[in-house]
Every structure is written in structure tokens, then in C-alpha cells.
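# Coordinates in review
Chain by chain, the residues:
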Amino acid sequence: LVTGNKPSYFNNATYYAARPVECVSYNMIRGTSAGAGWPADGLVDAGSFMGKLRSKTGLATFDLPTESQWEYACRAGTATALNSGYNLTNTTSDAHMAEVGRYWYNGGSGCSPSCTAAYGTAVVGSYLPNAWGLYDMHGNVWEWCLDWYGSDLGSGSVTDPSGAASGGDRLLRGGAWSYDAQGCRSAYRFSHYPSGAYNFRGLRVLALPVVQ
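With that settled, consider the layout of surface pockets. In this structure, the largest pocket encloses a volume near 890 Å³. Around the largest pocket sit 31 residues that line it, and Arg19, Pro20, Val21, Phe49 and Leu203 are the ones nearest its centre. Sorting the residues of the lining of the largest pocket by element identifies α1 (26–30) and α2 (49–57) as the ones contributing at least two each. Of the residues contributing to the lining of the largest pocket, the split by class is 18 nonpolar, seven polar and six charged. Forming the boundary of the second largest pocket are Pro65, Gln69, Trp70, Tyr72, Ala73, Leu134, Met137, Arg204, Val205 and Leu206. Broken down by element, the residue count for the lining of the second largest pocket peaks at four residues, all from helix α3 (residues 67–75). Looking at the lining of the second largest pocket residue by residue, the classes come out as eight nonpolar, one polar and one charged.

Set out below in C-alpha cells:
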């Protein structure tokens with residue numbers, strides 16, 4: 001609806017609009033010119049997804065979350081492996097993970113491009129939300145974050161860090177339909193080159209408040 005194309009691998013017409021968009025790269029979301037500048041600035045390319053979204057809405061605050069913002073939103077005050085308040089009892093197939101998101105052992109396997117939402121990616125909001133009402137923070141698709149990949153989020157004294165100053169890979173968080181329970185934990189970190197677009201990677205849009 002924003003860009004005028006349909007990049008997702010999962011293309012079943014009945015479920016397409018209700019599933020998360022995937023097969024999108026960091027570069028498609030923010031652009032390869034101005035959009036590659038984070039954390040020096042928050043600019044995006046006009047022709048990118050974020051560029052078009054900002055233009056259509058008139059809101060320049062739309063962007064990807066930083067890694068720290070993503071984890072803060074995912075956890076919603078919890079300190080457990082899952083934002084439901086539970087830890088994993090099994091690193092591969094886990095009943096608590098099955099409650100909060102789509103992953104390999106509760107429908108992720110057995111998929112094809114035309115499969116229903118019973119396999120592959122699930123309809124958004126099919127599983128339990130966290131305490132702040134956010135759905136699918138665990139599983140379904142990896143979500144791109146603004147940051148370059150660094151060794152960690154920074155020391156405990158840093159408030160709202162913006163990540164490494166430079167790097168080769170960008171961060172993704174949350175796990176995906178194609179991963180096991182361990183890979184979908186709140187703390188699990190993953191990274192890839194910004195041009196990578198795969199059927200287990202998507203995005204979550206952040207709208208920062210406008211400072212008056």
C-alpha cells in the first residue's frame with residue numbers, strides 16, 4: 001500500500017494483506033544513500049519505504065527502532081526469555097514460545113509460497129501480545145533495527161543507545177517462523193548485510209513523538 005509493490009514470498013491472496021511483509025532489506029526500507037547514514041542522522045532516501053511513508057503521512061518521525069528500543073518494547077518490563085514472563089524449558093520446541101509467536105515448531109515448517117497462514121508466516125496478531133499490547137515480538141519474521149551490528153547494546157549506564165558508529169551488518173531482532181525457540185528469545189541478536197532480503201525478514205515501524 002505504501003510502495004505499490006508486493007515483495008513477499010508468501011503470496012496466498014486470501015492471507016497476503018494480513019501477514020507481515022517479508023523479503024525486504026534494510027536498503028529497501030531506508031535507502032542506500034541518505035538512508036545509509038544512521039547513526040550520524042535519521043535521513044532516508046525519498047524512494048525508500050520510509051521515504052514514501054514519511055511523504056504520504058507528513059510525519060518525518062517514522063523509522064525503524066534502534067536495537068535498544070526494540071528490546072525495550074519487546075520485553076515490556078519483563079526480564080525473562082519471553083515477554084509472557086516465562087523462560088524456555090527447551091531450546092528447540094517449547095510450549096511457552098508457541099503461545100507468543102509463530103516459529104518452526106508451531107506452523108513454521110511445511111510452508112510454500114501459496115500456503116495458508118497455518119504455515120510459514122502467521123496472520124499478524126494471532127498469538128498473545130506482551131503487557132504493552134504489542135504482538136509478534138517473538139517469531140513470525142526477523143525485524144530490522146537501525147543499528148550497525150556491535151558487540152552489545154552498550155554499558156548499563158547508557159540511556160537509549162544508538163548502536164555502533166559504523167559496521168558491515170545491520171541488526172535484526174525477534175526470530176522468525178523458520179527458527180527454533182532459542183532464536184526467538186527477547187535477548188537473541190542477529191545481523192546481516194543491509195541488502196539482504198529473505199522470506200523470514202520484515203520490519204516494525206516506529207513513530208517517535210514530535211518534539212514541540
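Having seen it, we continue.
A separate point is α3. Burial runs high along α3: seven of the nine residues are buried. Within α3, the full set of buried residues consists of Glu67, Ser68, Trp70, Glu71, Ala73, Cys74 and Arg75. Packing partners of the buried residues in α3 comprise β2 (142–148), β3 (170–173) and β4 (189–192). In the stretch just after α3, alanine 76 is the one whose phi turns positive, near 50 degrees.

When we look at burial in α2, the residues that qualify are Phe49, Met50, Gly51, Leu53 and Arg54. For α2, the secondary structure elements touched by its buried residues are α1 and β1 (62–63). Glycine 58 occupies a position one or two residues after α2 and carries a positive phi of about 75 degrees.

Looking now at the state of the cysteines. Here the structure, examined in full by the defined rule, presents zero disulfides. Unpaired in terms of disulfides, cysteine 145 finds its nearest cysteine sulfur in cysteine 74, a separation of 10 Å. Judged by its relative accessible area of 0%, cysteine 145 falls in the buried class.

Turning to the side chain of asparagine 83, a few remarks are in order. Position of asparagine 83 among the secondary structure elements: in the loop between α3 and α4 (95–100). Residue classification places asparagine 83 among the buried residues on the basis of a relative accessible area of 6%. Residues within four places of asparagine 83 in sequence aside, it is in contact with Cys74, Arg75, Thr78, Val100, Asn130, Met137, His138 and Ser186.

For the structure shown, the criterion picks out twelve aromatic pairs. Consider the rings of phenylalanine 10 and tryptophan 177, whose centres lie 5.4 Å apart with planes at 80 degrees: the pair is edge-to-face. With a gap of 167 residues between them, phenylalanine 10 in the segment before α1 and tryptophan 177 in the loop between β3 and β4 connect regions that are remote in the sequence. Taken together, a centroid distance of 6.0 Å and an interplanar angle of 40 degrees make the contact between tryptophan 142 and tyrosine 188 tilted. One end of the pair, tryptophan 142, is in strand β2; the other, tyrosine 188, is in the loop between β3 and β4, with 46 residues separating them in the sequence. Taken together, the ring pairs in this structure connect Trp142, Tyr179, Tyr188, Phe190, Tyr198 and Phe200 into an aromatic cluster. If you follow lysine 6 out to its NZ or CZ, it ends over the ring of tyrosine 16, 4.5 Å from the centre. Over the face of the ring belonging to tryptophan 148 we find arginine 170, whose NZ or CZ atom lies 3.4 Å from the ring centre.

Thresholds, definitions, all that
- Along every chain, residues carry numbers that run from 1 in the direction the sequence is written.
- Only residues with pLDDT of at least 70 get local features here, since the model is predicted, and only at 80 or more are side-chain atom pairs given and counted; chain-wide, interface and lining totals rely on the full set of residues.
- As a rule here, side-chain values cover all heavy atoms of the structure and leave hydrogens and water aside.
- A 1.4 Å probe that fits but cannot get out identifies a cavity on a 1 Å grid over protein atoms alone, an open set with protein on both sides within 12 Å along at least five of seven lines counts as a pocket, and a residue lines either if it has an atom within 4 Å of a point.
- Grid points are joined across faces, edges and corners, and a volume is the space filled by probe spheres set on the points.
- The helix count covers DSSP runs of H or I at least four residues long, the strand count covers runs of E at least two residues long, and both are numbered beginning at the N terminus.
- Classification convention: Asp, Glu, Lys, Arg as charged; Ala, Val, Leu, Ile, Met, Phe, Trp, Tyr, Cys, Pro as nonpolar; all other residues, Gly among them, as polar.
- Categorising residues by exposure relies on relative accessible area from a 1.4 Å probe, with only protein chains included: less than 20% of the type maximum marks a residue as buried, more than 50% marks it as exposed, and the intermediate range marks it as partly exposed.
- Contact criterion: two residues are considered in contact whenever any of their non-hydrogen atoms come within 4.5 Å of each other.
- Pairs of cysteine sulfur atoms within 2.5 Å are identified as disulfides in what follows.
- By convention, a stacked pair of Phe, Tyr or Trp rings (six-membered ring in the case of Trp) has centres within 6.5 Å and planes under 30 degrees apart, an edge-to-face pair has planes over 60 apart, and any other such pair is tilted.
- Criterion for a charge above a ring: Lys NZ or Arg CZ within 6 Å of the ring centre, and within 35 degrees of the ring normal.

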